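Residue-level structure breakdown
What follows is each chain in one-letter form.
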Amino acid sequence: MKSLQVRGAPNFYQCEEGILQQLPVKLSEQKLENPAIIHGEKSWEAAKDYISLDNAVVHVPYKGDCTHEEVARVADKLRNNEADAVIGVGGGKVLDLAKAAGDELDLLLF
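For the structure given in this document, a descriptive report is provided here. (Residues numbered from 1 in each chain as written. Predicted model: local features only at pLDDT ≥ 70, side-chain atom pairs only at ≥ 80, totals over all residues. Heavy atoms only, no water.)

What follows deals with the overall build of the protein chain. Helices and strands together make up the secondary structure of the protein chain, namely four helices and four strands. The order of helices and strands in the protein chain, counted from the N terminus, is α-β-α-β-α-β-α-β. Classification of the 110 residues of the protein chain by burial places 36% in the buried group. Looking at the protein chain alone, contacts between residues at least 24 apart form 62% of all its contacts between residues at least 6 apart. In the structure as shown, the protein chain presents an accessible area of about 6700 Å², 47% of it carried by carbon and sulfur atoms. (Helix = DSSP H or I, 4+ residues; strand = E, 2+ residues; numbered from the N terminus. Buried < 20%, exposed > 50% of the residue type's maximum accessible area, 1.4 Å probe, protein only. Contact = heavy atoms within 4.5 Å. Areas by Shrake-Rupley, 256 points an atom, 1.4 Å probe, with all protein chains shown as cover.)

Written as structure tokens, this is what we have:
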């Protein structure tokens, strides 16, 4: 079986009340203009009203597991849409997928 390596943490992590509303400013500070959002269905329903990103180049719902095939599928979507950052919205599998796809393309991860 081929090994799968995932970064241990995002490039940026900040925990405070109202932080999602600050996301556009945080991305702008890093000169990031084309973020991609990887999310689970339930997590996106819970978060979408708090994330205002008109410039998100693509939303990628994950398909349930963080596999080599899923990492390749998501990385292709990010590459094809010229994403310059990855925003993971969800639980452990979604965040592992976001980290792996971001690492595949050497993108910043939020």
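Now for the sheet that holds strand E1 (residues 35–39). Think of a sheet as strands paired side by side through backbone hydrogen bonds, with each pair either parallel or antiparallel. Sheet architecture is open: four strands sit in the order E2-E1-E3-E4, paired in parallel fashion. Edge positions in the open sheet fall to strand E2 (58–61) and strand E4 (108–109), since each of these has one partner strand only. In the sheet, E1 pairs with strand E3 (residues 85–89) via five bridges, with the strands oriented parallel. Considered in E3, the bridge of His39 is made with Val89. On top of the sheet, helix H3 (residues 68–80) reaches E1, E2 and E3; it is set at about 170° to E2, its chief contact. Running over the sheet, helix H4 (residues 92–105) touches E1, E3 and E4 and is turned about 170° from E3. (Pairing = 2+ DSSP bridges. Axes fitted to C-alpha atoms, helices over the stretch in contact; angles between N-to-C directions.)

Scanning the entire structure with this criterion turns up five salt bridges. For Arg79, the salt bridge is made with Asp76, and the minimal N-O distance between the two is 2.6 Å. Residue Arg79 and its partner Asp76 are both found in helix H3; the two are separated by three residues, about one turn of the helix. Accessibility expressed as a relative area gives 42% for Arg79, which makes it partly exposed. Between Lys99 and Asp96 there is a salt bridge whose closest N-O contact spans 3.4 Å. Linking Lys99 with Asp96, this pair stays in helix H4, spanning three residues, or about one helical turn. Looking at Lys99, the relative accessible area reads 14%, which means it is buried. (Salt bridge = Lys/Arg side-chain N within 4 Å of Asp/Glu carboxyl O.)

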